[in-house]
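Results of the structural survey
Residues per chain are reported as follows:
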Amino acid sequence: MSKFIAGPYIELRGTVQRSQLSPFAEVLTSPFAGSDRTDTPAASGFGTLARIIRLNHLAPRELSSLLGIRVRRADDLSAVMTFSEARQIAVARALHLPEVPAEWNLSTWFPFKAPSSLLATGWTLRYCSECLLDGNHTLLHQLPWVHRCAWHDVALRDDCAHCGLPLAVKADWVPGENLQCACGQSPLDTDRILRAQAPESARRFTDEYLQWAAEKRAHTALVVPELAGDPRPALATLVELPRSWRQRVGSAAESRANDPRRLPTPIRGVHVRTLEPAEWAPVPDRDGLIGLEEVRRDRPGFLTTPKRLAPMMSAVAVDLAMRLPDKSLTDREMSLFLAGAGIEAPQSFDPASRSFSGEVSLLPPTCVGGRQFLNLLCVHPSAYRLVAGLVDAALEGRNLFDFHAQATRQEFDLLMRGCGQVLARGYAEGLRSTLAVHVPELYAQPRLAPRLRQPWALLGRTNGRLASIRVAWVPLSCASRGEAALLEAEDHANQRRQRSRGRRKK
Ligand SMILES: [Zn+2]
Ligand SMILES: [Zn+2]
């Protein structure tokens, strides 16, 4: 190894290829103990920093004087080192690394195209207690679809293993005791860090994982809903790991079985559905796709449903009307709900004794001149706007005409079915939520009770062709307001947006 050391000073410049460098050279040039990254394969920026702070007895103020990063004492250092590129660059420079290691970049770990900031909402440091004792933290353990350490076989956690308090990740510590919990226990062990050597299986797994993620990322797109909440439940459900890893890094259900209190992200109540190309597909309907563009408007109001999707929306209204408890709808309302399917109320139908409601009558799809109009006021915007997101992801920058010309029938059909499913489900949930205001009995029915969910989607391609649409529906919290009030609030937000855009145009 001496042949790599030409003289007493080695200047590592950004132009030097990382692969040409010996890892030993870094150790020799870094002014800090614990900089050798060969002991901690795929370590995160935060893991590297925490280890260096511990071994070099650094004080919080030395983050600025020695490492060149300014942070407030109340800042979560793990979030800073994950989401602030400027701080990552500063630390890499202070450690004399030729560039920011790829493993510090959260999006390198994503099996779909998305910026690192995706996980900033709801961020908490998540770790393997065995790895961290050795001074190793990897972003693999932050991924919502990973629940166990692949080489230590322990469930990942985000709290103190001894007392359950949140981890002390603030930029505020006593030198030599960083990350130490208020209970006196520390998830880092200085002696173990000094002796630590990551298991060979850790290196192998992280290498294989990163390669798999890079391959997936090249042909998978994530569609994030408007007004997105915590992404973790959706991502934990959407991402499918290779079968051989599922057992190892654990499905959520398995880690829940092991320790019910330790489930890091609640994925209860998340529904997922995958659509794949059909063998037979109808002739692409370009006008239908153009019609869906209406969902992009500030306040879409009524959507002219593409012909292909109209029966799906009618079926939603019919299905609900037929399952409603007695005395829910008036005679006239019932016939409006059933009109789309061209059927009449059954003999047993028992009409409501209240008077006809204008609002209820506008809930089912309206047919005028052979065209169907769908009332989007009762659909949550995150559902109908996702339709636009699906179209964008499928078009990949092409315009609708080019897509229509270039896509296969199967691709076009898959996109339309995906849009239809999202719209139909969003409509079904919104319909129940709005109707429950007039028919409070719905709250008592487990299958009809109002519930709003937010869709997230993954679009997969094979050989450049759209090959799958996977949608996860995550429960939306509406606190004590009730679902209908939430829909109303979203409509008011749309109206404000519409008005402010109108003013700007003037
Ligand atoms: Zn571990
Ligand atoms: Zn503790």
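Look up a bit, the structure's there.
Moving on, we come to the pattern of salt bridges. Taken as a whole and assessed by the stated rule, the structure comprises 24 salt bridges. With a shortest N-O distance of 2.8 Å, Glu333 and Arg354 are connected by a salt bridge. On the criterion of sequence distance, the pair formed by Glu333 in helix 14 (residues 331–339) and Arg354 in the loop between helix 14 and helix 15 (358–361) is long-range, its members being 21 residues apart. We classify Glu333 as buried; its relative accessible area is 0%. With relative accessibility at 27%, the residue Arg354 sits in the partly exposed group. Across the salt bridge formed by Glu429 and Arg453, the nearest N and O atoms sit 3.5 Å from each other. Within this pair, whereas Glu429 is found in helix 18 (residues 409–438), its partner Arg453 is found in strand 6 (residues 453–462), the two being separated by 24 residues in sequence. Judged by relative accessible area, which is 7%, Arg453 ranks as buried. Through salt bridges with shared partners, a single network forms among Glu130, Asp134 and Arg192.

On to the sheet that holds strand 3 (residues 302–304). Read from one edge of the open sheet, three strands run 3-5-4, paired in antiparallel fashion. Looking at the sheet topology across the chains shown, the edges are occupied by strand 3 and strand 4 (366–368). Neighbouring strand axes in the sheet, compared pairwise and without regard to direction, differ in orientation by 30° on average. Relative to strand 5 (residues 371–375), strand 4 runs antiparallel, the two sharing three bridges. Bridged to Val368 within strand 5 is Arg371.

The rules behind the values
Residues numbered from 1 in each chain as written. Chains lettered and ligands numbered in written order. Predicted model: local features only at pLDDT ≥ 70, side-chain atom pairs only at ≥ 80, totals over all residues. Heavy atoms only, no water. Salt bridge = Lys/Arg side-chain N within 4 Å of Asp/Glu carboxyl O. Helix = DSSP H or I, 4+ residues; strand = E, 2+ residues; numbered from the N terminus. Buried < 20%, exposed > 50% of the residue type's maximum accessible area, 1.4 Å probe, protein only. Pairing = 2+ DSSP bridges. Axes fitted to C-alpha atoms, helices over the stretch in contact; angles between N-to-C directions.

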